[in-house]
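Now for the letters of each chain:
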Amino acid sequence: MTNAAQTPTHSRATWILLIAAVCLVALNLRMTITGVGPLLDEIAETEGGSPAVLGLLASIPLFSWAAFSPLAQSFAAKVGIDRAVSWALLALTLANVWRVIPGSPINIWAGTVLLGASLAVGNVLLPATIKRDFGPRVPLMMGIYSALLSGAAAIGAGIVAPISHFTPASGEPLGWRIALLATGLLAFPALILWVFASRVRTKSERARADVGAGSDPGSADAAAARSAAPESKLGLRVWTDRVAWTIAIYMGCQSATFYTWATWLVSVDMSRGTTAIAAGAHIMVYHMSGMIGSFVTPFIWRGKMRKIYPPLLPFIMALCALGFIGAPSVFVPLLAVSGFMTGSSLSVALTMVVQRSGTANVAAATSGMSQSLGYLIAGIAPVLFGWLYQVGGNWWLPLVVVLVATLTQTAAGVSLMRERMVFGRASELRA
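I will try to describe carefully the structure that is included in this document. What you see is a predicted model, and the numbers here were worked out from it, not measured in a lab.

So, about the overall build of the chain. The helix and strand tally for the chain stands at 18 helices and zero strands. Per-residue burial over the chain gives 57% buried out of 431 residues. In the chain, of all internal contacts separated by at least 6 residues, the share reaching a separation of at least 24 is 83%.

Structure follows, in structure tokens:
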């Protein structure tokens, strides 16, 4: 059975509710981690640590994604996609509070691990949810989804410095703990909306199955169960598929570039005399440009641009990386260009996870595998970048990390110009 045949039909109100739920969850998947980079110096003052150690703090969510992404697919196979996302949002709410509790330094490290694990579940299952619920609207929804990821990243990076430095009547700045706490305030509202939307969607599917099946009560239960259990064996089989590996490398290199710059661009900027608040505004340009790039990707990535666009994006990102270090006079314009390309390549990567998968089950497996391998690559990059900066004492040596990532992503993009499916055509026949 093809995915098109599986795509349910809902009322307009249900569609709006589902879109709102996906969008609100998406806003929570980046904001809580991109706020760490601009606060590294302040965190160091209270928690201590070298640049390499602080880079590790920023990378913990990425390593958590690498470790927990394959488990997310298996978790969803047991409890269902909707319930798995609900539990993840609850864990995210708790983790965001845990990491800012003063006292033991363990709190920020352990809280960040739990935060990363909860985000891993959302990262893996949101694309599968879009594949399941939105059918022919997948490219547009993936564009919106990835744009919200970039937009939330921009908000998280942009608000933390002003909040941290805000001085109320008491005379003391609010500090980095309040700033980080503010980045997760939408997690609990997202949980409430997600649970409500999931129940409405399930009732809608059952009602339509009852109408279509007449007196067959089993049809309604089968329709409602589509989200309940992705095939757990697919999570293992996908690791043998060449297309899935190529997508994972493409996504991982994109993420390596993004999270390296999200962690270190503020430090690069401030090393030239820029104030913390101005540097925070500059990094917001990078993230906001990424949001625009993600959103417009479905309108650019078609026709003659369909094959050339995936490798073109990281190649331009590599040129911008050289400019960040070698041409500081055009730093901000380069931020806009690089951010656009990075956000657009995120949209390309996430859309390929969905479009190169024949069903929602295959999409969940491909998403788990590609994000596990991809974020392992992405987690190493900021740490390596910080270590090389510590060794070399300048920004040219660590720049090698970003150049290797962007050029490897370019090579993966060339390979993906051959539009092959994960598991080949057989994947389209699996429920």
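On to a nonpolar patch on the surface. Nonpolar side chains collect at one region of the surface, where Leu376, Ile380, Leu384, Trp387, Val391, Leu397, Val400 and Val404 lie side by side and expose about 680 Å² of accessible area between them. Taken together, the elements giving at least two residues each to the nonpolar patch come down to α17 (360-392) and α18 (396-415). For the nonpolar patch, the leading source of residues is α17, giving five residues. Within the secondary structure layout, Val400 lies in helix α18.

Per the counting criterion, the structure on display carries eight cavities of 30 Å³ or more. One number sums up the size of the largest cavity: a volume of about 130 Å³. Around the largest cavity, the lining comprises 17 residues; the ones closest to its centre are Ser150, Gln254, Phe258, Thr342 and Leu346. Broken down by class, the residue content of the lining of the largest cavity amounts to eight nonpolar, eight polar and one charged.

The topology assignment puts Thr32 in helix α3 (residues 31-34). Discounting residues that sit within four places of it in the chain, Thr32 has contacts with Leu92, Asn96, Arg99, Leu115, Leu119, Thr183 and Gly184.

Moving on to the packing of helix α15 (residues 305-326) against α18. Where α15 contacts α18, the two axes come as close as 7 Å, and the packing angle between them is 170 degrees. It follows from the interaxial angle that α15 and α18 lie roughly antiparallel. On α18, the residues touching Pro310, Pro311, Pro314, Phe315, Met317, Ala318, Ala321, Leu322, Ile325 and Gly326 of α15 are Trp396, Leu399, Val402, Leu403, Thr406, Leu407, Gln409, Thr410, Gly413 and Val414. Its residues placed into classes, the contact of α15 with α18 shows 15 nonpolar, five polar and no charged.

Core analysis: the largest hydrophobic core is formed by 107 residues, its most contacted members being Tyr145 and Trp261. Per-element tally for this core: the top contributor is helix α13 (residues 242-270), with 16 residues. Setting aside chain neighbours within four positions, we find Tyr145 in contact with Ala26, Leu29, Gly122, Asn123, Leu126, Pro127, Ile130 and Leu350.

What follows covers the environment of Ala278. Looking at the element boundaries, Ala278 is found in helix α14 (residues 276-300). Taking the C-alpha atoms as reference, Ala278 lies 9.2 Å from Val266; in sequence the two are twelve residues apart.

Analysis parameters
- Residues numbered from 1 in each chain as written.
- Predicted model: local features only at pLDDT ≥ 70, side-chain atom pairs only at ≥ 80, totals over all residues.
- Heavy atoms only, no water.
- Helix = DSSP H or I, 4+ residues; strand = E, 2+ residues; numbered from the N terminus.
- Buried < 20%, exposed > 50% of the residue type's maximum accessible area, 1.4 Å probe, protein only.
- Contact = heavy atoms within 4.5 Å.
- Patch = residues over 30% accessible without salt bridge, like charges linked within 9 Å, V, L, I, M, F, W, Y side chains within 5 Å.
- Areas by Shrake-Rupley, 256 points an atom, 1.4 Å probe, with all protein chains shown as cover.
- Salt bridge = Lys/Arg side-chain N within 4 Å of Asp/Glu carboxyl O.
- 1 Å grid on protein atoms, 1.4 Å probe; cavity = no way out; pocket = protein on both sides within 12 Å on 5 of 7 lines; lining within 4 Å.
- Points joined across faces, edges and corners; volume = space filled by probe spheres on them.
- Nonpolar A, V, L, I, M, F, W, Y, C, P; charged D, E, K, R; others polar.
- Axes fitted to C-alpha atoms, helices over the stretch in contact; angles between N-to-C directions.
- Parallel < 35°, antiparallel > 145°, perpendicular 65-115°, else oblique.
- Core = buried A, V, L, I, M, F, W, Y, C linked by side-chain atoms within 4.5 Å.

All we've got here are geometric facts, nothing functional implied.
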